[in-house]
Each structure stands twice: as structure tokens, then as C-alpha cells.
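Architecture at a glance
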Amino acid sequence: KISLISDIYKELVPINSNILIKGWVKNKRSSKIGISFLDIQDGSTSQSIQVIANKKLINYKNEILTITTGYSISINGILVLSKGIQQKYEILSNTIKIIGKIKNSNHYPITSKKHTLEHLRNFSHLRPRTNLILAITRIRNILIQSIHSFLYHNNFYWIPTPIITSLDAEGTGEIFHVCVKNKKTIKNCTNNQKNIYEKFFNQDAYLTVSGQLTLESYACSLSRVYNFGPTFRAENSNTSRHLSEFWMLEVEAAFFNMHNILNFAEKLIKYTLKEVLKKNAIELEILSKLLNINISERIVKSINTKIIILTYSKAINILNKHCSFLKKKILFGDDLNSDQERFLVEKYFNYSIIAIIDFPKKLKAFYMRINDDNQTVAAMDILFPYIGEIIGGSQREERLDILDSRIRELGLNKKDYWWYRDLRKYGTVPHSGFGIGFERLLMYITGINNIRDVIPFPRTVNHANF
Ligand code: 4AD
Ligand code: MG
């Protein structure tokens, strides 16, 4: 029976018992007197276990001495308490079998030396072997588990919203078109028409930019719902914060106004931060060391500080008064750029999380609820230090006549929204929701500066390998 290294550290394996471990060599040191020390990981934990091999093993000279970082091996031995101070346990091996070698170790891109994140991006398939990517991946796992758990305990249902949709939910026009390339299309093509594709069964279809609209339909009966899934944006933004394919958590709740949902978003964020702090202590330490920043301190500060709420009007007043790098005055209706957002979050509010609310309606999507001033909508953007916007949300327009006038105003086709309008025709209720860019939240928690490093296989402008 295979034992897991995590079981050893959980003290589930008795000391002095015989165990079998299968895993990968992280590091090997050999002494001149015929002893080798191998650090082994098996994926079950960030911790490794030291295996001691000595020259009495029959394959010591021919095989064990040739082992390098990355070999997969199987070890039979006795678990003992280590006499060294570096580690608590070690395994005195009786047999070591090589499962998979590293062919030509000079060419292995992931050696035990430190590599830059840029270098590792060329090897998305091998980079999960590094401590850095492993730590991020383990945090990613706890983060999503804690989100599901928080929502479950607050009576939210998980609704899988469709990936193929017929609407551009955010109305930005930056969407991927889904087309068909089947036998029929290929047959009907001449040679120089090879790139002709058919529409999705004769209708326009897109990859989802947000599941919100369909999620609203379930919020209008289950009351509290959420969606967690891949989301696609065709914006040509080649930045460290944009992916063409990212994961979004979307929460939608009936009978919540914007302040209720903002409050709820704050609780959700703080709960997940606490969980990561508790369950990923080892990974946070690994990241802090590798990136040379104190990540836990940053997280603790966010847990202990209330989110600062200010209106868009207040935000532009502050910027116009205090921001030194403005070339010209920001007018009501101007969008805030990322430098201006960072000024507010980092300089003016000293690295707090801030929520900007009540944006001019012309900056936001058609579905946001018009405020009494008829100029602004009940929208919120939650901005984090170092990253910028991580959460976007709003109260939704539940009044059919006003929704219709917004659809008209924005030149959208009322017919396309017939089912969405039905939700307002039949038993409409006030409701609100938000979307969290999951990778951006993960960047904040891990201290990673480029979004390409927190998703296993990044898809960005000009880049969709594998
Ligand atoms: O602000 P957005 O566009 O909001 C919506 O889509 C709403 N329908 C959500 C809702 O209310 N249910 O996107 C939400 C979040 C952003 O705040 C950002 O964190 C993230 O999604 N996001 C991206 N993350 C990575 N790459 C991109 N290209 C992103 N675009 C948005
Ligand atoms: Mg937004």
C-alpha cells in the first residue's frame, strides 16, 4: 500500500513502520562515504520527505548515484524520526526503484535552481513541478473550496450557466463568436475558402462573457444562487491583469439591494482570506520567501480593515484635488484609468480595499438599476491594492418600463431580451449580484504580479498554446 507524505506529517503513519512511497526527486546530495540524501515530494503536501540511501543497496552505484532532480521513484523503507534539525522525519530505504528517468538532464527545463516566471511560462506543462506554481495551485484549490463552502452555508445554490450564449451580456462587443467547421462546410468550400466557417447552426452564438443574465432567472426563484465557471473576453488587452479565458465567480441574490450585496461580498472575501491564512500557511510562507514580500501581513490587514465605500462623484473630486499626475480635470462621466484607481487605493486610502459606487449610467451596462437622480446607476467596483478591480457588481433594474427605456437608449434589440424581460413581467423582485475575477483575487492573495502565473494554462492575446 502506498503511503502519502501528507499522512506522515499528519502523524497517521507509525514511527518505525515499513512504508512505500512513490513520488519525484526534488533534490539529491551524495556524500563521499556512500550515502545519498534524496528530497522526495508526492503531490500530497508542500512538504517533502528526506530519504536516505546507502551503498548497501544493490543498485546504489549503478542507479541511485545517477538520479537527478525530476526522476520518479518508488521507495520501500522504514519511517524514523530524524536526528537532523532540518527535518522531523526521514525514511531509511531498503529498496529504491526508478520509475521514470530524466532523459538528458542538461536539457531538463525545470532543474532545482530558481527560474524566472517568464522562463517558466514557456513550459506550462512542466512548471507545476516548481514549488512556486505548486504553492499557487494549492492556494487556488483552498480558495475555491472556501468560496463554495461559504456560499453553501449561506443558502446559495450553484447554477451552471451556459458557456455558449446568444447575448453579449456586458454589451462591450468584445466577444468570441462560436462557429462550426464540419464535414458539410469543408465539402462546400473551395480550396481558397478553407477558413470559412458556418454560424452556430444558423444562429449567432458567442462564448460567455458573464453568466449573470441567466443566473438572474434562477435568482428569481431560488433566491440565492451563484455560478463559477470559465469566462471569455476578446478584448485586445495585453496586460498583466487580462486573460482571454478566466474564471469568474458570480453571485446573485433576490431581495438584496446594492448595499446588501456589497456587504455580502465583503463577508465572502474576508471569510476566504481567513481560510487561506489558516489552511495554506506553508504555501504562504513559501511564496513570501520566493517573492520576498510578507503576504500574510497583507492578507491580515485586509481582514481587519473595513472596505471603504465612496461614490464615483467623491472619487473624481478626490482625484481632481489630490492626484498630481492628472493632465486634465476628470469630468463627470469620464472613466477612471488604472493609474487613477491605484492612486485612490494605494496613495489616498493607504492600501485599503475600496468600493466605488453609483457610477454615471453611460459607463455601465444596460441592466444596472437607475438611481433616483436618473444620472447614476447602483453599480459597484471593488478595487484592491496592487491589482485594481477584482469585483464588479450592481443592483439590477427590476422595473420593466425603465429596463425597456435603457434597452432603447443603448440601441439594443428588445426582441433579443424577451426572456430577460419576462423576469420583470412576472413577479419581479429587487435583486443584486456581483462577479469576482477569480484569477485576480488569486493574484492578490499570492502576491503574484502577472495573471498568467496563477492559471494553469493561460490564454491571452496571441497566446493559446496546447
Ligand atoms: O466587471 P465585470 O465585467 O462584471 C461582469 O461581468 C458582471 N456581469 C458580473 C456580475 O455582476 N455578475 O467582470 C467581473 C470581474 C472583474 O471585476 C474582473 O475582476 C474580472 O471579472 N475580469 C477579468 N479577469 C481576467 N481577465 C479579464 N479579461 C477580465 N475581465 C474581467
Ligand atoms: Mg467591471
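Residues numbered from 1 in each chain as written. Chains lettered and ligands numbered in written order. Predicted model: local features only at pLDDT ≥ 70, side-chain atom pairs only at ≥ 80, totals over all residues.

We count it as follows: UniProt positions are given in the numbering used here, feature names are shortened, and annotations may be inferred rather than shown by experiment.
The name given to the protein in an unreviewed UniProt entry is Asparagine--tRNA ligase, with the source organism recorded as Buchnera aphidicola. The UniProt entry for the protein carries this comment under Sequence similarities (unreviewed entry): "Belongs to the class-II aminoacyl-tRNA synthetase family."

**Here's the deal with the overall build of the protein**
As a reminder, the rule being used: Labels follow the DSSP assignment, with helices taken as runs of H or I lasting at least four residues and strands as runs of E lasting at least two, numbered in each case from the N terminus. Exposure in this text rests on C-beta crowding, where 20 or more other C-beta atoms within 10 Å of a residue's own make it buried, 12 or fewer make it exposed, and counts in between make it partly exposed. The C-beta atoms are placed from the backbone.
Scanning the protein from terminus to terminus reveals 13 helices and 17 strands. Principal-axis analysis of the C-alpha atoms places the extent of the protein at approximately 85 × 65 × 45 Å. Counting only residues that meet the buried cut, the protein has 34% of its 466 residues in that class.

**Digging into the site of ligand 1**
Counted only if it meets this: In this entry, near means the residue's backbone-placed C-beta atom lies within 6 Å of the molecule or strand. Any residue that is not Ala, Val, Leu, Ile, Met, Phe, Trp, Tyr, Cys, Pro, Asp, Glu, Lys or Arg is counted as polar, Gly included; the first ten are nonpolar and the last four charged.
Looking at ligand 1, there are 22 residues lining it, with S210, Q212, G392, G435 and G437 nearest. Looking at the shell around ligand 1, the element that brings in the most residues is strand β16 (residues 388-395), giving 5 residues. For the shell around ligand 1, the residue count by class is 7 nonpolar, 8 polar and 7 charged.

**Considerations on the sheet that holds strand β5 (residues 89-100)**
Stated precisely, the cut-off is as follows: Strand pairing is defined by DSSP finding a minimum of two bridges between the two strands. To obtain an axis, a line is fitted to C-alpha atoms, over the contacting stretch when the element is a helix, and the angle between two such axes runs from 0 to 180 degrees between their N-to-C directions.
If you trace the 5 strands once around the closed barrel, you get β1-β2-β3-β5-β4, paired in mixed fashion. The average angle at which neighbouring strand axes cross in this sheet is 55°, direction not considered. Across 6 bridges, strand β2 (residues 35-41) lies against strand β3 (residues 49-54) in antiparallel orientation. Within β3, the residue paired with D39 across the bridge is Q50.

**Notes on the nonpolar core**
Counted only if it meets this: For our purposes the nonpolar core covers buried Ala, Val, Leu, Ile, Met, Phe, Trp, Tyr and Cys residues that link as a set through C-beta atoms within 7 Å.
Ranked by size, the top nonpolar core spans 88 residues in total, and within it A265 and I382 carry the most contacts. The element best represented in this core is helix α6 (residues 258-279), accounting for 9 residues. Counting residues in hydrophobic clusters, the runner-up holds 17 residues, among them I8, I49, Y71 and I73.

**Digging into the packing of helix α9 (residues 312-322) against helix α10 (residues 338-348)**
The criterion, for reference: We call two directions roughly parallel when the angle between them is under 35 degrees, roughly antiparallel when it is over 145, roughly perpendicular when it lies between 65 and 115, and oblique otherwise. C-beta atoms are placed from the backbone for every residue, and two residues are taken to be in contact when these atoms lie within 7 Å.
Between α9 and α10, whose axes approach to 11 Å, the crossing angle comes to 80°. Overall, the two elements α9 and α10 adopt an arrangement that is roughly perpendicular. Contact residues: α9 offers A315, I318, L319 and H322, while α10 offers Q340, F343, L344 and Y348. Residue composition of the contact of α9 with α10, by class: 6 nonpolar, 2 polar and no charged.

**What to know about the pairing of β2**
Moving residue by residue along a regular strand, the side chains alternate between the two faces of the sheet. The buried fraction of β2 is high, at 5 of 7 residues. For strand β1 (residues 18-30) and β2, the ladder comprises 6 bridges, and the chain directions are antiparallel. Within the sheet, the bridge partner assigned to S30 lies in β2 and is S36. Linking β1 back to β2 in an antiparallel pair, the connection comprises 4 residues, with G34 at a positive phi of about 90°.

**With respect to the domain arrangement of the protein**
The test is simple: Delimitation of the domains relies on an automatic or database domain assignment.
Under the domain assignment, the protein is made up of domain 1 (5-108) and domain 2 (129-174 + 209-453). When each unit is reduced to the centre of its C-alpha atoms, the spacing between domain 1 and domain 2 is 45 Å.

**Considering the sheet that holds strand β13 (residues 308-311)**
On the basis of which strands lie adjacent, the open sheet formed by 8 strands has the order β6-β11-β12-β17-β16-β15-β14-β13 and mixed pairing. The sheet is open, and its two borders are formed by β6 (157-158) and β13, each paired with just one other strand. Relative to strand β14 (residues 354-360), β13 runs parallel, the two sharing 4 bridges. Looking at the pairing, T311 lines up with I357 of β14. Where α6 meets the sheet, it contacts β12 (245-254), β13, β14, β15 (376-384), β16 and β17 (431-437), and its direction lies at approximately 35° from that of β17. Where α10 meets the sheet, its contacts fall on β14, β15 and β16, and the angle it forms with β16 comes to roughly 90°.

**Quick look at the confidence of the model for the protein**
Quick reminder of the rule: On a range of 0 to 100, pLDDT expresses the predictor's confidence in each residue.
Of the residues in the protein, 97% have a pLDDT of 70 or more, and the chain-wide mean is 94. Interface confidence for the predicted complex, expressed as ipTM, amounts to 0.99; the pTM equals 0.95.

**Examining the pairing of β16**
When you tally the buried positions in β16, you get 7 out of 8 residues, the bulk of the element. Inspection of the sheet shows β15 paired to β16 by 6 bridges, in the antiparallel sense. Each bridged residue has a counterpart across the sheet, and for F384 the counterpart in β16 is G388. The loop that links β15 with its antiparallel partner β16 comprises 3 residues; one of these, Y386, has a positive phi angle of about 70°. Looking at chain direction, β16 and β17 are connected through 5 bridges and run antiparallel. Bridge pairing in β17 links G392 to G435.

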